[in-house]
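Residues per chain are reported as follows:
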Amino acid sequence: MIRFVLGFSVILICQFGGEWIHEALSVHLPAPIIGMMLLFLVLHISKKRNFFILSSGKVLLNYLPLFFIPAGAGIALYWDLLQQEFWPIFFAIVLGTPISFVLTLLLFQWLRSLSKS
Amino acid sequence: MIDFKLPGLGIALTLTAYLLARLFYQASNKSTWFQPVVLGVLFVLLGLYVFDIPYERYFQDNGIIHFLLSTATVALAIPLYQNAGLVRHCWRALLITLLIGGALSSLSAVGIAWILGASPDVLLSIAPKSVTTPFAIAISNEIGGLPGLAAALVIISGIIVAAIASPVFSVLKLDDVVVRGSVMGMIGHGIATARAVEMDMKTAAFSALSMGLMGIYTSLCLPWAIWLIRSVS
């Protein structure tokens, strides 16, 4: 339990570090991504002594779907706009996303086969 | 009469929705169409409707859970760190894919919406649809879209990628985890990464890395691209 709290605290400190750099230096990268880079550095520096950070972090990652729910329900705010422009939005997302997903997959697979041969 | 607007209800709703979503997900034998994110959001929307709770109120109650979304985003450094060595040997192909894939993702969606006559507000909200939610909100502010709508579209795009990933991989007979994970993260950001975590940690590592790179790339380039289009037209 103590190890979990300790690991969780390290991750939180990186999160705050990210927020601080974002605010103080007005870096245009979002704060959680800066925090992610900080945690990466911490893990890299602490090498073999970072087991407790890894196990706390994995608990957090297991609950990632839960943490998305409040933001995801934000679609409730745009009911009217979604109804007015339903079809353009619908086709942009429902067609655009699979098209770019499949094309990008094929592109990367092709580039990988080039570098292997 | 019970007052359904008491502060504890918002969090209780999220947790109940999540638990129910997990139960359904287990019962469906982990079907891609019954993921906890999708079902959880649907159950919450149902709860908001049934109990007549405004979203702003619900979101205020859920501050702590939304806060932990950022914490978990920071924790995505873990799969990245554990697999950093794997990324080294294929960074050229990854970077080229990122540059082309990112442009493709924005342009295809904006192009379709534009042809079908979407308003400028909506077009600007669609443009950052392949980046993770906090990125999308920041970019949307920068280019003058609607941050909340952008966030919702980002999440729907992520849900689509998370849902179609497994079927698409088996149709294309794609078994390279580097390609699988990277493209899931590029096009489906955090939600697809959450799905990748369920597949295996190697897929998750590439997904997390690509999600970060895509966010950086889009937030650096999209404001310039829109400025260029505005000054030409």
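None of these values were measured; they are calculated from a predicted model.

Details of the overall build of chain A
What chain A contains, in helices and strands, is six helices and zero strands. Against the 2.2 N^0.38 benchmark of 13 Å for 117 residues, chain A shows a C-alpha radius of gyration of 20 Å, more extended than a compact globule. Judged by the C-alpha coordinates and their principal axes, chain A covers about 50 × 50 × 35 Å. Burial statistics for chain A: of 117 residues in total, 40% are counted as buried. In chain A, 50% of the contacts between residues at least 6 apart in sequence involve partners at least 24 apart.

A few points about the environment of A:Pro32
If you trace the backbone, A:Pro32 turns up in helix H2 (residues 31-46). As a C-alpha pair, A:Pro32 and A:Met1 span 31 residues in sequence and 25 Å in three-dimensional space.

Thoughts on the interface of chain B and chain A
With 81 residues of chain B in contact, the opposing surface of chain A contributes 62 residues. Sorting elements by how many residues they give to the side of chain B that touches chain A places helix H10 (residues 147-171) of chain B first, with twelve residues. Among the residues forming the side of chain B that touches chain A, the class breakdown is 58 nonpolar, 21 polar and two charged.

Quick notes on unusual backbone geometry
All names here are of chain B. The phi torsion at Asp52 lies on the positive side, around 55 degrees, for a residue other than glycine. Mapped onto the secondary structure, Asp52 falls in the loop between helix H2 (36-51) and helix H3 (55-61). With a phi angle near 40 degrees, His189 is a residue other than glycine that sits in the positive phi range. Mapped onto the secondary structure, His189 falls in helix H11 (residues 177-199).

Comments concerning the domain arrangement of chain A
Under the domain assignment used here, chain A contains domain 1 (1-62) and domain 2 (75-117). For domain 1 of chain A and domain 2 of chain A, the distance between their C-alpha centroids amounts to 31 Å.

Focus: the nonpolar core
A:Phe68, B:Ala75, B:Ala77, B:Ala113, B:Ile126, B:Ile155 and B:Ile159 are the most contacted members of the largest nonpolar core, which totals 110 residues. In terms of residues, this core owes the most to one element, H10(B), which gives 15 residues. Those residues in contact with B:Ala77 that lie beyond four places of it in its chain are A:Met36, A:Leu39, A:Phe40 and A:Leu43.

Here we look at the environment of B:Ala225
Structurally, the position occupied by B:Ala225 is in helix H12 (residues 201-232). Separated by eleven residues in the primary sequence, B:Ala225 and B:Met214 have C-alpha atoms spaced 15 Å apart.

Section: the domain arrangement of chain B
All names here are of chain B. Assigned domains of chain B: these are domain 1 (1-74) and domain 2 (76-233). When each unit is reduced to the centre of its C-alpha atoms, the spacing between domain 1 and domain 2 is 24 Å. Counting residues at the interface gives eight residues for domain 1, matched by twelve residues for domain 2. The set of elements that each furnish at least two residues to the side of domain 1 that touches domain 2 consists of H2 and helix H4 (63-75). Per-element accounting of the side of domain 1 that touches domain 2 gives the leading share, three residues, to H4. Residues that form the side of domain 1 that touches domain 2 fall into these classes: four nonpolar, four polar and no charged.

With respect to helix H6 (residues 86-116) of chain A
Here H6(A) spans 44 Å end to end across 31 residues, near enough to the 45 Å set by a 1.5 Å rise per residue. A maximum bend of about 30 degrees is found in H6(A) at A:Gly96, where proline A:Pro98 lies one to four positions downstream. When H6(A) is considered as a whole, its buried residues turn out to be A:Pro88, A:Ile89, A:Ala92, A:Ile93, A:Gly96, A:Thr97, A:Ser100, A:Phe101, A:Thr104, A:Leu105 and A:Phe108. Contacts from the buried residues of H6(A) go to helix H5 (79-84) of chain A together with helix H7 (91-115), helix H8 (120-126), H10 and H11 of chain B.

Some words on the packing of H7(B) against H11(B)
Two numbers describe a pair of packed helices, the interaxial angle and the distance between the axes. Residue and element names in this part refer to chain B. Their axes nearest at 10 Å, the elements H7 and H11 cross at an angle of 35 degrees. You can see that H7 and H11 cross each other, and the crossing is right-handed. Across the interface between the two elements, Leu94, Thr97, Leu98, Gly101, Gly102 and Ser105 from H7 touch Ser182, Met186 and Ile187 from H11. Its residues assigned to classes, the contact of H7 with H11 comprises four nonpolar, five polar and no charged.

Conventions adopted
- Every chain's residues receive numbers from 1 upward, in the order its sequence appears when written.
- Chain A is the first chain written and ligand 1 is the first ligand written, with later ones labelled in order.
- Residue-level local features of this predicted model are given only where pLDDT is at least 70; pairs of side-chain atoms are given and counted only at 80 or more, and the full residue set underlies all totals for whole chains, interfaces and linings.
- Each helix is a run of H or I in the DSSP string that is no shorter than four residues. Each strand is a run of E no shorter than two, and both are numbered from the N terminus.
- For this measure, only C-alpha atoms enter the radius of gyration; the expected value for a globule follows 2.2 Å times N^0.38, where N is the number of residues.
- The burial criterion counts other C-beta atoms lying within 10 Å of a residue's C-beta, which is placed from the backbone; the residue is buried at 20 or more, exposed at 12 or fewer, and partly exposed between these limits.
- Here the contact rule is simple: place C-beta atoms from the backbone, and any two residues whose C-beta atoms are within 7 Å are in contact.
- For this classification, Asp, Glu, Lys and Arg are treated as charged, while Ala, Val, Leu, Ile, Met, Phe, Trp, Tyr, Cys and Pro are nonpolar and the rest, including Gly, are polar.
- Marked domain ranges trace back to an automatic or database domain assignment.
- By definition, a nonpolar core groups buried Ala, Val, Leu, Ile, Met, Phe, Trp, Tyr and Cys residues that are joined through C-beta atoms within 7 Å.
- A helix is expected to span 1.5 Å for every residue after the first.
- To get the bend at a residue, fit one axis to the 7 residues ending there and another to the 7 starting there, then take the angle between the axes.
- Fitted lines through C-alpha atoms serve as axes, helices being fitted only where they are in contact, and the angles separating the N-to-C directions of these axes extend from 0 to 180 degrees.
- For any helix crossing, the convention is left-handed if the near helix is rotated counterclockwise from the far helix by under a right angle, and right-handed if that rotation is clockwise.

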